[in-house]
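Tertiary structure, described
One letter stands for each residue in the lines below.
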Amino acid sequence: MTTPTTSTTPTTPTTPQKTALVTGANKGIGKETARRLAALGITVLIGARDAERGRAAAEELRADGGDVRFVPLDVTDEISVRAAAERIEAAFGRLDILVNNAAIASGQQKPSETPAAALRQVYETNVFGVVAVTHAMLPLLRRSAAARIVNMSSELGSVSHLADPGSPWSSYSSALLPYCTSKSALNAITVLYANELRAEGILVNAVSPGYCATDLNRHSGPRTPAEGAAVAVDLATAGEDGPTGTLRSEDGPIPW
Ligand SMILES: NC(=O)c1ccc[n+]([C@@H]2O[C@H](COP(=O)([O-])OP(=O)(O)OC[C@H]3O[C@@H](n4cnc5c(N)ncnc54)[C@H](OP(=O)(O)O)[C@@H]3O)[C@@H](O)[C@H]2O)c1
């Protein structure tokens, strides 16, 4: 049996390596958010439901020199969500940043012609998926000294915008009942998590990346995914005096 040795050498305090999980990070704004977080020296976990796409994205981002790894994660599958939490716990013991980015769009139909099933399908990913992932990751986030949760929302979820007949969002939203209301629900979810977790120092915000060219909108947006990622990265790395319980774009707060 070996005798345990006691080191008398003072240890140098080091900043613990931060770990971030970005859901739906194999492409689009999620991938660019992951790229930027990795460039800041954060270990980034690419959550993706397709292993091939997830591994390819992680490999692409590792080529920039960061620590980027693939984690299998289908946000609509509770078993997959639990397994991802267990993997992260086994590898890192905690999580510092969660970016709930994965989402799907809805087909275009007038509200009066949209069946409930269309909302259920979109809500599975955009609403219930966020709650499932957040619920599973919170025990790990609570072990972080400064946990941050960023929910990728949209100005199309702002009820104030939708209610203003003069706003461009009011006309864009007229055929997107499932998507818009999924983001409105996500905004309310953000506020309720923020209210509960404020006392623990966990900051929770919703962000609007702006209209970016991605597969979600058949590349119709004028902004790049990298531009859209910037506000998510700002909130994911906000200091302890950063905001919580807000919806914001890079230009500042957006009305609910
Ligand atoms: N683009 C815009 O103009 C815009 C504007 C406002 C808000 N947003 C928001 O920004 C976020 C990113 O959107 P994007 O434009 O980058 O879209 P995107 O290119 O279509 O990317 C969406 C990502 O979500 C993933 N995903 C979908 N369902 C999933 C599931 N069940 N489990 C895990 N991952 C899943 C997709 O994976 P697969 O490759 O496997 O499908 C993909 O990686 C979304 O929350 C979106 O609502 C986008």
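Computed from a prediction, not measured in an experiment: that's the story for all the values here.

Rules used in this analysis
Residues numbered from 1 in each chain as written. Predicted model: local features only at pLDDT ≥ 70, side-chain atom pairs only at ≥ 80, totals over all residues. Heavy atoms only, no water. Salt bridge = Lys/Arg side-chain N within 4 Å of Asp/Glu carboxyl O. Helix = DSSP H or I, 4+ residues; strand = E, 2+ residues; numbered from the N terminus. Buried < 20%, exposed > 50% of the residue type's maximum accessible area, 1.4 Å probe, protein only. Pairing = 2+ DSSP bridges. Contact = heavy atoms within 4.5 Å. Axes fitted to C-alpha atoms, helices over the stretch in contact; angles between N-to-C directions. Near = heavy atom within 4 Å. Polar contact = N/O pair within 3.5 Å; in protein donor to acceptor, adjacent residues only side chain to side chain. Nonpolar A, V, L, I, M, F, W, Y, C, P; charged D, E, K, R; others polar. pLDDT = per-residue confidence, 0-100. Phe/Tyr/Trp six-rings, centres within 6.5 Å; stacked < 30°, edge-to-face > 60°. Right-handed = clockwise from strand over helix to strand, strands pointing away.

Counted under the stated rule, the structure contains 12 salt bridges. Note that D64 and R35 form a salt bridge whose closest N and O atoms lie 3.1 Å from each other. On the criterion of sequence distance, the pair formed by D64 in the loop between α2 (51-62) and β3 (68-72) and R35 in helix α1 (residues 28-39) is long-range, its members being 29 residues apart. Take D64: its relative accessible area is 53%, and that puts it in the exposed class. Several salt bridges share partner residues, and in doing so they unite K31, E32, R35, E60 and D64 into one network.

For the rest of this paragraph, the subject is the sheet that holds strand β7 (residues 247-249). Sheet architecture is open: 8 strands sit in the order β3-β2-β1-β4-β5-β6-β7-β8, paired in mixed fashion. Every other strand in the sheet has two partners, leaving β3 and β8 (252-253) as the edge strands with one partner each. Pairing of strand β1 (residues 19-23) with strand β2 (residues 43-48), which is carried by 5 bridges, proceeds in the parallel orientation. Bridged to V22 within β2 is I46. Along the sheet face, helix α3 (residues 78-92) touches β1, β2 and β3 and points at about 145° away from the line of β3. Where helix α8 (residues 225-236) meets the sheet, it contacts β4 (97-100), β5 (148-152), β6 (203-207) and β7, and its direction lies at approximately 160° from that of β5.

The next subject is the site of the ligand. In the neighbourhood of the ligand, 29 residues make up the surrounding shell, with R49, N101, Y179, C212 and T214 lying closest. One nitrogen or oxygen atom from the main chain of M152 is found 3.5 Å from an oxygen atom belonging to the ligand. Contact between the ligand and G210: an oxygen atom at 3.3 Å from a main-chain N or O atom of the residue. Elements with a minimum of two residues in the shell around the ligand: α1 and α7 (177-197). Partitioned by chemical class, the residues of the shell around the ligand number 12 nonpolar, 11 polar and 6 charged.

Model confidence for the chain is summarised by a mean pLDDT of 94, while 94% of its residues fall at 70 or above. When the criterion is pLDDT under 50, residues 1-13 qualifies, and its contacts beyond four places in sequence or with other chains add up to 0 contacts.

Attention shifts here to the environment of I29. Tracing the backbone shows I29 in helix α1. The spacing of I29 and A230 is 201 residues in sequence and 9.3 Å in space, taken between C-alpha atoms. Look past the residues within four positions of I29 in its chain and what remains in contact with it is N101, M152, P209, C212, T214, P225, G228 and A229.

A separate point is the packing of aromatic side chains. Here the structure, examined in full by the defined rule, presents 2 aromatic pairs. With a centroid separation of 6.3 Å and an interplanar angle of 70°, the aromatic rings of Y123 and F128 are classed as edge-to-face. Here the aromatic rings of Y172 and Y211 are separated by 6.5 Å at their centres, their planes lie at 50°, and the arrangement is tilted. With a gap of 39 residues between them, Y172 in helix α6 (residues 168-172) and Y211 in the loop between β6 and α8 connect regions that are remote in the sequence. Given the relative accessible area of 47%, Y172 is considered partly exposed. We classify Y211 as partly exposed; its relative accessible area is 41%.

In this section: the pairing of β4. With burial as the criterion, each face of β4 is covered, one bearing I97 and V99 and the other bearing L98 and N100. Bridge analysis of β1 against β4 gives 3 bridges, and the strand direction is parallel. Note on β4: the bridge partner recorded for V22 is V99. In the sheet, β4 pairs with β5 via 4 bridges, with the strands oriented parallel. Its bridge partner lying in β5, L98 is registered against I149. In this fold, β4 hands off to helix α4 (residues 116-141), which returns the chain to β5; that crossover is right-handed.

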